[in-house]
Each structure stands twice: as C-alpha cells, then as structure tokens.
Amino acid sequence: MKKIAFLFIFASAVFTFGCSTPSVHVTTPETVLDRVPASIESCAELISNIISNNKIPKKHYDEVITLLRDIGVAESKAEEVKSYGEALNLAYDKVVGAGTTSVKKSEKLVEFGKVLRELYVDSKLKNEEIMDLDFILGRNILKAEQFTGKEFKIIKEEDFALGRNEKMLHINYKQYKKYTLAFEKNEPPYTTAIAASNQNVINRIDIRQMETHNLFPVYFGHDMTHVRYALNHERYFPMLFGASRSKNHLRYVMMGALAEGVDRAQYSEERILCRYFRDIKKLNLEEGVLWIARASEQDLIDVATEIGKKDIFVELAKDFEGWAPVASKKYPTMGVSGLKLDEELDQIFGEMREYHTDPDLVEMYKKRKSEILVSGD
C-alpha cells in the first residue's frame, strides 16, 4: 500500500500524570479493543523531569521573563518560571486559555517558540534535551490548533474507515513492540495480520480518520517500517498523530509527506520534501517532523515553494476544507488506554522512552536508524 502517513499534542496539563502502564484488554488484531480507563497517573514523572531538568541559565532568565510578559503573562507568575519547559507551558496556557482552538492561536505560540528556542539552543543543552523541548513546543502548537473532542462528528460505524475495515490491523501503541519483533523475524502475529489484509490502497480521508484515533493502518509490509521507527523514536508518532487532528491542513499534509522518510515508497512530492530536509536542512526524520510541528504557516509555504511543490501541497490541503475528525460508538474520543486522545500521545511518548532500556529492544535501539530515507537513492 502506498499511503501518506499524515499523521499531535503536548498539553501543559499532563504533568500530573508517572509512566505506569494502563490496563488495556487487547483481543486479536481482527477485533476492536476494549477500552478500560487508564490510571490518570500516566507519564508525568518522566515528563516532569524533562520540564524541570532544562533549567533557564541566568544569562537568559530576564529574556524569558520579558517574552512571557509580552504575551500577557503576569510578571509575578512569569518570575516563578525556572525551566524552559515551564515557560513553554505557561505560554500555552496564556495563549489558548479556556477558549476555542485555532490556527491563529497556534501562530502566536509559533512566534513565541521561535524566540525561546534561540535561547534554549544557546544554553549548551545536549541534542536530545533540545529535541525534548522541541517536542513540548510542537505538541503545544498542535494542541492550540487541534479539533477538540466536541468538534468530532459522530457517525455510523459503517460510514467510518475503522468500521469498514475492522478486520484489518490498525496498530495501537500497546502492540508496537510485539509486532515489530515479529516483523523483524517475519513471523506471527505480523504475518497473520498481513495475510488477512486486503492490501488495498487507502484514500487520504480514511487514513486521517484512523490516525486521529492514534491508530496506524498496517495493510502492507512496508507499513511496519513506520511502527518500527516509532518504537525507537518516541517523538515520531505523537507528532504525526497530533498533526492529524490539526486545523492547519497544510501542516498535516506536509507532516505526512515527510513521515514517508521511514522507507523509500514515496510519491514525487514526498521524495523531494524528504531530500530537502535531509540534504538542505541536515535533519534526521525525528528532527524533521518536530520542525514541521513548530513551523508557522508561512514557513511551510516557503519550504513548499522552495522545493517547487507549493501547488501540490496546497491542493492536498484543500482536500480537507470543511473536514473534521469523526468518531463512532466503537471509536469514541478516547484512546485505547481510556485516556483522551491527546493525553494518550503523552503515554505513547513515555512508554516508547522507557523501551530504550527494554532487554528485548536495547540492541535495536542502539542500532536504530534515524536518517531520512529518499526513494531513488
């Protein structure tokens, strides 16, 4: 199957969550998952450490306070901020507030993030620490422009991509490890799931319906390359799935196009975009999706123009004019863990991070490939 894996969101409120594993009953790949509410202790200890460890050095403290004041944060509250992560979340709270989400709000966070990022990149942080902050920034931007649960359209099961393809494997994060190891060895349950697949190309609307529910369609063998990458790169699927719920459709289609850099099955616009991020921007795939997550709409247009594919990406985005995510009785606005979909992404991030030291995966993680692959190379 050739599909663009268009695939969101880091809430400032999730820091009340530890990385315990929620109770989820998984039946067979052919059946729908039973949703058992997860413990609301889900990934906060880890995320909290990310937030608190990236402390603001004295040389940048006054600039951070000024930035926060400039977007309306009270000076007394701004002066309590001790880390870059806290600053990013305080900015999110102020910009988004209790009102509706919108691209206009996310654009305001983009501009704030650009200036703050110059400071934390200048703070002698390790690359992984910078990527963690980029993750928080990108998730906040995506969350600011997301369709909220109230904006999902409720439809009949037979009108829903997941309902029409219920016997196919729509992989969830609890299955990443099991299916990746089986994929590497070409054995069940991966081979069983592929044998049951209709191996049809899915249209973009159906793909996006699936991805808005944090589920990834595995209908062809190479679809597993996305899952394998996500298992070893915890920021990848949260950005992709987050973008699928974004009201910025240009961001969504470009995120999906770059996401195809996990393998070499690419359309021409995907190939050219992947080559641009690899050869011109000198980014690996995880860094690339983080870049798209924190980009302004004009940044995206500029990149599409520079590679000569603006018309194609604009047209792909227009396919989603008037579009909104959908839900059904079997697939409500809760993820497989029983958490809300955006909260579940933080769970994915946390569990994939913990897999770095999993005895079954440690060697795979050490040998992981992060570069962007380009068809024809």
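Described below are features of the structure shown in this document. (Residues numbered from 1 in each chain as written. Predicted model: local features only at pLDDT ≥ 70, side-chain atom pairs only at ≥ 80, totals over all residues. Heavy atoms only, no water.)

### Points about the nonpolar core
Among the nonpolar cores identified, the biggest contains 113 residues, and Leu68, Leu116, Tyr176, Tyr236, Met254 and Phe313 are the most heavily contacted of them. Apart from residues lying up to four places away in sequence, Leu68 is in contact with Val73, Ala78, Val81, Ala87, Leu90, Ala91 and Phe112. (Core = buried A, V, L, I, M, F, W, Y, C linked by side-chain atoms within 4.5 Å. Buried < 20%, exposed > 50% of the residue type's maximum accessible area, 1.4 Å probe, protein only. Contact = heavy atoms within 4.5 Å.)

### Here's the deal with the environment of Ser83
Tracing the backbone through its elements, the reader meets Ser83 in the loop between α3 (75-78) and α4 (84-96). Take Ser83: its relative accessible area is 1%, and that puts it in the buried class. The sequence separation of Ser83 and Lys55 amounts to 28 residues, and the corresponding C-alpha distance is 4.0 Å. (Helix = DSSP H or I, 4+ residues; strand = E, 2+ residues; numbered from the N terminus.)

### Brief notes about the layout of surface pockets
Its boundaries defined by the atoms lining it, the second largest pocket holds a volume of some 330 Å³. Together, 15 residues line the second largest pocket, and Arg228, Tyr229, Asn232, Arg368 and Lys369 are the ones closest to its centre. Here the element with the most residues in the lining of the second largest pocket is helix α11 (residues 224-232); it accounts for 4 residues. Across the lining of the second largest pocket, the residue classes tally to 4 nonpolar, 4 polar and 7 charged. (1 Å grid on protein atoms, 1.4 Å probe; cavity = no way out; pocket = protein on both sides within 12 Å on 5 of 7 lines; lining within 4 Å. Points joined across faces, edges and corners; volume = space filled by probe spheres on them. Nonpolar A, V, L, I, M, F, W, Y, C, P; charged D, E, K, R; others polar.)

### Let's talk about the pattern of salt bridges
For side chains of opposite charge, pairing can occur when their charged atoms come near one another. All chains considered together, the criterion is met by 27 salt bridges. Put simply, Lys174 and Glu351 hold a salt bridge, and the shortest N to O gap is 2.8 Å. With Lys174 in the loop between β2 (169-171) and α8 (176-185) and Glu351 in helix α18 (residues 341-354), this residue pair connects regions lying 177 residues apart in the sequence. Note that Arg353 and Glu234 form a salt bridge whose closest N and O atoms lie 2.5 Å from each other. Of this pair, Arg353 sits in helix α18 while Glu234 is found in the loop between α11 and α12 (236-244), placing the two residues 119 residues apart along the sequence. We note that Arg353, like Glu234, is buried. Sharing partners across several salt bridges, the network here consists of Glu128, Asp132, Glu234, Arg235, Glu286, Arg353 and Arg368. (Salt bridge = Lys/Arg side-chain N within 4 Å of Asp/Glu carboxyl O.)

Any link to function would need more than the numbers given here.
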